[in-house]
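Architecture and fold: a report
What follows is the residue order along each chain.
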Amino acid sequence: MFALIDGNNFYVSCERAFRPSLHGLPVVVLSNNDGCAISRSDEAKAMGIKMGQPYYQFKHLERTSRLVCLSANFELYGDMSARMMAIAAGLGPLQEIYSIDESFIGDLDGITDLTRRAHAVRDRILRWTSIPTCIGLAPTKTLAKLCNHVAKDAERKPGSYPAELARVCNWSELPRHIQLDVLQRTPAGDIWGIGKRIAAKLQEQGIQSALDVARLPTAQVRGEWGVVLERTVRELQGISCISLEQAPAPKQQIACTRSFGKAISTLPPLIEAVSEFASRAALKLRSSDQLAGALLVFAHTSPFRPGPRFNKSS
Ligand SMILES: [Mg+2]
């Protein structure tokens, strides 16, 4: 059995941890330079703000609809992530940190009260970090991802899935007809590992839902689509093919780059930024116990601005 623990609206939840007055308000976290939305509270989603939507398109809602837009603070999110991951690790013996707000926990077979334990870990993460999470439990990673999606939607879209599946959803406790219903309601393109391109090609062949994918004959899938999709089909059928990756491959490159909020024309802010990024990169290097063979520093003017250009590296 695997668990997938995922922070809800993660960056917004991190901001709310330190500014409780943001609870209940529509909140958006913006990308570097306040370009576009990269995290939205449920209230902001309900207002129709889309992931990746440019800021200027919804900026007026700050005045008219109490929308709060915040510049991203990735230092804070990294810190909160480490705390959340440390508590999540308590659910089982193995952990794969999959992204800043998601981790798989593995080797959960034989734990009889897994659902209750998952609720306890979820409550602990909420109490100790104030990050709300949802947990999917299933015999394969692909189904654990799907159950996480069900746990989320059951909570925030009442009526989409049975209410008792909210927050923690355990595939192995679902009656078969609910499992089939969940697969039927899930578009093929929402399955972990099926990208936009493959989803479009599947659609051309009339394969629309996760259930359609799960029912494909595996031998035919391997021949026509390759082993990657074959693995996904088997995982949807409950046969585990994708194992936990505990040790990510060592990094070949560590990059620390940012664009400046406004154009700079003097040396001191550039020196400050370069030394700060160098020390941050060095911190990452040390924390992964690696050595660097080369160091590259570059600076250039924005390619989107008119005027003289500068571009140098050494
Ligand atoms: Mg998330």
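The preceding data block contains the structure.
A brief look at the structure comes next. (Residues numbered from 1 in each chain as written. Predicted model: local features only at pLDDT ≥ 70, side-chain atom pairs only at ≥ 80, totals over all residues. Heavy atoms only, no water.)

So, on to the overall build of the chain. Helix and strand content of the chain: 12 helices and 10 strands. In terms of principal-axis extent, the alpha carbons of the chain reach across some 65 × 50 × 45 Å. Out of the 314 residues in the chain, the part that is buried amounts to 40%. Within the chain, residue pairs in contact and separated by at least 24 positions form 54% of the contacts whose partners lie at least 6 positions apart. Of the roughly 17800 Å² that the chain leaves accessible, carbon and sulfur atoms contribute 54%. (Helix = DSSP H or I, 4+ residues; strand = E, 2+ residues; numbered from the N terminus. Buried < 20%, exposed > 50% of the residue type's maximum accessible area, 1.4 Å probe, protein only. Contact = heavy atoms within 4.5 Å. Areas by Shrake-Rupley, 256 points an atom, 1.4 Å probe, with all protein chains shown as cover.)

Time to look at the coordination of the magnesium ion. Taken together, D6 (OD), G7 (O) and D101 (OD) make up the full set of protein donors to the magnesium ion, lying 2.1 to 2.4 Å away. For the magnesium ion, the donor residues sit on a single chain with the sequence spacing D-G-x93-D. Just as D6 is buried, G7 falls in that class too. (Donors = N, O, S within 2.8 Å, 3.2 Å for Na, K, Ca; no water.)

In this section: helix α7 (residues 176-185). The complete set of buried residues in α7 reads I178, Q179, V182 and L183. Each buried residue of α7 sits inside an arc of 140° when the element is viewed along its axis, so together they form one side. Looking at α7, the residues exposed on the side facing more than 90 degrees away from the buried face are R176 and H177. Buried positions along α7 lie against α6 (141-156), α9 (210-214) and α11 (227-236). (Arc of directions from axis to C-beta.)

Tallied over the entire structure, the rule returns 15 salt bridges. The partner of R156 in a salt bridge is D42, with the nearest N and O atoms 3.5 Å apart. Remark: D42 occurs in helix α2 (residues 42-46) and R156 occurs in helix α6; sequence separation between them is 114 residues. R117 serves as the salt-bridge partner of D113, at 3.1 Å between the closest nitrogen and oxygen. For D113, a relative accessible area of 25% corresponds to the partly exposed category. Taking the relative accessible area as the measure of exposure, R117 reaches 38% and is therefore partly exposed. What you see here is one network of salt bridges that share partners, running through E75, E276 and R280. (Salt bridge = Lys/Arg side-chain N within 4 Å of Asp/Glu carboxyl O.)

With that settled, the discussion passes to the sheet that holds strand β2 (residues 27-30). Here 3 strands make up an open sheet; going across it, the order is β3-β2-β4 and the pairing mixed. The open sheet has two free edges, formed respectively by β3 (37-40) and β4 (68-71), since each of these has just one partner strand. The mean inter-strand angle of the sheet, taken between neighbouring strand axes irrespective of direction, is 30°. Two elements, β2 and β3, share 3 bridges in a ladder whose sense is antiparallel. In the sheet register, V29 faces β3, and the bridge partner there is S39. (Pairing = 2+ DSSP bridges. Axes fitted to C-alpha atoms, helices over the stretch in contact; angles between N-to-C directions.)

Attention now moves to helix α1 (residues 10-18). Extensive coverage of α1 is indicated by the burial of 7 of its 9 residues. Buried residues in α1 make contact with β1 (2-7), β2, β3, α2, β4 and α4 (74-88).

Moving on, we get to a nonpolar patch on the surface. On the surface, V274, L295 and V297 cluster together into a nonpolar patch covering about 260 Å² of accessible area. Turning to its location among the elements, L295 is positioned in the loop between α12 (267-287) and β9 (298-300). Residue class for L295 comes out exposed when judged on its relative accessible area of 70%. (Patch = residues over 30% accessible without salt bridge, like charges linked within 9 Å, V, L, I, M, F, W, Y side chains within 5 Å.)

Pairing between the strands of a sheet comes from backbone hydrogen bonds, and it takes one of two forms, parallel or antiparallel. With respect to topology, 5 strands assemble into an open sheet ordered β5-β6-β1-β7-β8, the strand pairing being mixed. Looking at the sheet topology across the chains shown, the edges are occupied by β5 (94-99) and β8 (168-170). Shown here is a sheet whose adjacent strand axes are inclined to one another by a mean of 15°, direction ignored. Sheet topology note: the β1/strand β6 (residues 102-106) ladder contains 4 bridges and is antiparallel. Paired with I5 across the bridge in β6 is S103.

Put simply, helix α10 (residues 218-225) and α11 touch, their axes get as near as 7 Å, and they point 155° apart. Comparing their axes, α11 and α10 come out roughly antiparallel. Here α10 and α11 pass one another in a crossing that is right-handed. Note on element contacts: α11 touches α10 through V227, L229, E230, V233 and R234, opposite T218, V221, R222 and W225. (Parallel < 35°, antiparallel > 145°, perpendicular 65-115°, else oblique. Left-handed = near helix turned anticlockwise from the far one by under 90°.)

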